[in-house]
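Structure at a glance
This is what each chain is made of:
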Amino acid sequence: MYNWLIKLYKTLKQKLKHLHQVIKYVKKQSGKLYIVILFDIIWCYIVYLLDLEEYKKLEFYNINHSLRKTYLNEAKHDLIKTFLYKKDNLVIINNKEKFLQRFKNYIKSEIVNINKISYKEFEETLMKNKKIICRSTNQSFVSSYEIYDAAKFRGPGFVLEKAKKNKLLLVEKYIDQHKKLKEITDNLVVINLVTMINKNNVDVISSYVTFKENNQIIRGYIDLKKEKTKGHFRDSNNNIYENISGEYEIPCLEEMIKFVKETAKEITEIKEVEWSLCLDTRGKIHLMDATTWKQIIFAQTPEYLNKKVGLLPYYKKIIK
C-alpha cells in the first residue's frame with residue numbers, strides 16, 4: 001500500500017510538472033494569464049479529448065472553437081482506425097519481410113536478410129556498394145535505418161557485427177539521392193506520402209520529408225500544390241529546427257503521387273497508409289516502406305494548414 005502511494009505521488013508530481021511547463025510555454029507564446037490557460041487546457045481535455053502535448057503542438061491557445069472542432073487528435077484517430085483497417089491485416093506492413101514480398105514488383109533494390117546469407121555474400125555486397133543501408137525487420141524504415149560506410153570500418157566483419165548488434169538485419173545498397181534533395185541536407189531524405197482509400201479513389205492526405213540529423217528525426221511539410229516544402233522544419237518533439245529554413249523544391253512529386261496511388265490499390269484492406277520513398281540521382285523512385293500513420297498531429301500544425309482547418313471533416317466523410 002505504501003509503495004503504491006509513493007508511485008502515485010511520483011506520477012502526479014511528474015504530470016503537474018509537465019502541466020506547469022506547458023502553461024509556461026503557452027504563456028510565453030500567447031501572453032495569456034496562467035489561470036486562463038489552465039482552465040482552457042482542462043476545457044480542451046473534456047471537450048476535445050486533447051492531451052497536454054496536443055494542446056501545445058496544435059496551438060489551441062490561438063485557435064477558436066469553430067476551428068478547434070475540425071482537428072483530429074490521437075484519441076479520435078484511434079477510434080476511427082477501426083473503420084480503416086483490421087489489426088490482423090497489419091502484419092503485411094509490420095513484418096518488413098512480408099511487406100517486401102507483397103510489394104516486390106514495386107521495390108527496385110535488392111534487399112537481403114544478413115541472417116540468411118553467408119559472411120562471404122555480405123562481404124561482397126559491402127565491397128561492391130561501399131555504402132549500405134541497414135534496417136529492422138519489424139520497425140519502420142524511418143525510425144530504424146542506419147547507413148554504414150565501409151571506409152569508416154576496419155573491415156566487413158565490424159560492419160556485420162554492428163548491424164547485428166543493432167538488430168538491423170535487412171541490407172541494401174545506399175541510394176545516392178537526387179541533387180534537389182541534397183539542397184535540404186546531405187543526409188538521406190525520405191519522402192512520406194499518406195494515402196487514403198476513398199471509395200474507388202485514392203487520396204493523398206498528407207506529405208512531408210523526413211531525415212536524420214544528430215540522432216534526431218527532422219520533418220518538413222510538403223505543399224502538394226506548389227511541390228515545395230512549406231513553413232518550418234521540426235524535430236520529433238515538434239520543436240522548430242533552426243538550421244534549415246526556406247522552401248525547397250521536391251522533384252518528381254507528381255510521379256511519386258501517382259506511384260503511391262498505385263501501391264495503395266495493392267493493399268486496399270488497409271485504407272490509411274504512410275508510404276516512404278527515396279529518389280535517386282536519375283529520378284528513379286525507391287519504395288522503402290509502408291506503415292500505419294503516426295504523424296497526425298504534425299500534419300495539422302496550424303502553419304501548414306489552409307485557413308487552419310484540420311483533418312476531422314475529411315475523416316467524417318470517409319467514415320460515412
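Check the entry above for the structure.
First things first, this report covers the structure right here in the doc.

A few words on the packing of helix α5 (residues 74–84) against helix α14 (residues 312–319). A pair of packed helices is characterised by two quantities: the angle between their axes and the separation of those axes. Relative orientation of the contacting elements α5 and α14 amounts to 30 degrees, with a least axis distance of 11 Å. Here α5 lies roughly parallel to α14, going by the angle between them. For α5 against α14, the interelement crossing comes out left-handed. Between α5 and α14, the contacting residues are Lys76, His77, Ile80, Phe83 and Leu84 on the first element and Leu312, Tyr315, Ile318 and Ile319 on the second. Among the residues making up the contact of α5 with α14, the classes are represented as 7 nonpolar, 1 polar and 1 charged.

Turning our attention to the pairing of strand β6 (residues 201–213). The pairing of strand β5 (residues 190–198) with β6 spans 9 bridges and is classified as antiparallel. Each residue of the ladder has a partner; that of methionine 196, found in β6, is aspartate 203. Hairpin connection, β5 to β6: the antiparallel pair is bridged by 2 residues, and lysine 199 has positive phi, about 60 degrees. Note: β6 against strand β7 (residues 216–223), 6 bridges, orientation antiparallel. Along β7, the bridge assignment pairs tyrosine 208 with tyrosine 221. Between β6 and β7, which pair antiparallel and follow one another directly, the connecting turn spans 2 residues, one of which, asparagine 214, has a positive phi of 50 degrees.

Here the focus is α14. Among the residues of α14, those classed as buried are Leu312, Tyr315 and Ile318. The buried residues of α14 occupy an angular sector of 115 degrees when the element is viewed end-on, so they sit on one face. Considering only its buried residues, α14 is in contact with α5, β5, β6, β9 (272–279) and α13 (296–299).

Right, let's talk about the sheet that holds strand β1 (residues 112–113) for a bit. Strand order in the open sheet made by the 4 strands is β1-β4-β2-β3, with antiparallel pairing throughout. Only two strands of the sheet have a single partner each, and these edge strands are β1 and β3 (146–149). Summarising the sheet, β1 and strand β4 (residues 170–173) pair through 2 bridges and their orientation is antiparallel. The residue of β4 that forms the bridge with valine 112 is valine 171. Lying over the sheet, helix α8 (residues 119–129) contacts β2 (131–135) and β4, oriented at roughly 130 degrees with respect to β2. Packing against the sheet, helix α10 (residues 156–165) makes contact with β2 and β3, and its axis sits at approximately 170 degrees to β3.

It is worth spelling out the environment of asparagine 214 at this point. Here asparagine 214 lies in the loop between β6 and β7. Considered as a pair, asparagine 214 and proline 251 are 37 residues apart in the sequence and their alpha carbons are 25 Å apart.

Glancing now at the sheet that holds β6. The strand order across the open sheet formed by 6 strands is β8-β7-β6-β5-β9-β10, and the pairing between neighbours is antiparallel. Each edge of the open sheet is held by one strand with a lone partner, namely β8 (228–234) and β10 (285–291). On average, each strand axis in the sheet is inclined to that of its neighbour by 30 degrees, with strand direction left out of account. Sitting on the sheet, helix α12 (residues 253–264) is in contact with β5, β6, β7, β9 and β10, with an inclination near 45 degrees to β5.

Bringing the side chain of glutamine 300 into the picture now. Secondary-structure assignment places glutamine 300 in the loop between α13 and α14. From its side chain, glutamine 300 meets the backbone oxygen of leucine 72 in a polar contact 2.6 Å long. Apart from the residues within four sequence positions on either side, glutamine 300 is in contact with Leu58, Thr70, Tyr71, Leu72, Leu305, Gly310, Leu311 and Leu312.

Note that lysine 108 resides in the loop between α7 (96–102) and β1. Relative accessible area serves as the criterion here: at 47%, lysine 108 is assigned to the partly exposed category. Along the chain, lysine 108 and methionine 288 lie 180 residues apart, while their C-alpha atoms are 9.5 Å from each other. Those residues in contact with lysine 108 that sit more than four places away from it in its chain are Lys284, Ile285 and His286.

The residue aspartate 289 is located in strand β10 in this model. Aspartate 289 gets classed as buried once you look at its relative accessible area, which sits at 0%. Measuring from C-alpha to C-alpha, the distance between aspartate 289 and isoleucine 93 comes to 7.9 Å, with 196 residues separating the pair along the chain. Beyond its immediate stretch of four places on either side in the chain, aspartate 289 contacts Lys96, Phe99, Gln139, Ser140, Phe141, Glu274, Trp275 and Ser276. A polar contact of 2.6 Å, which involves the side chain of aspartate 289, links it to the backbone nitrogen of phenylalanine 141.

Criteria and thresholds
- Residues numbered from 1 in each chain as written.
- Predicted model: local features only at pLDDT ≥ 70, side-chain atom pairs only at ≥ 80, totals over all residues.
- Heavy atoms only, no water.
- Axes fitted to C-alpha atoms, helices over the stretch in contact; angles between N-to-C directions.
- Helix = DSSP H or I, 4+ residues; strand = E, 2+ residues; numbered from the N terminus.
- Parallel < 35°, antiparallel > 145°, perpendicular 65-115°, else oblique.
- Left-handed = near helix turned anticlockwise from the far one by under 90°.
- Contact = heavy atoms within 4.5 Å.
- Nonpolar A, V, L, I, M, F, W, Y, C, P; charged D, E, K, R; others polar.
- Pairing = 2+ DSSP bridges.
- Buried < 20%, exposed > 50% of the residue type's maximum accessible area, 1.4 Å probe, protein only.
- Arc of directions from axis to C-beta.
- Polar contact = N/O pair within 3.5 Å; in protein donor to acceptor, adjacent residues only side chain to side chain.

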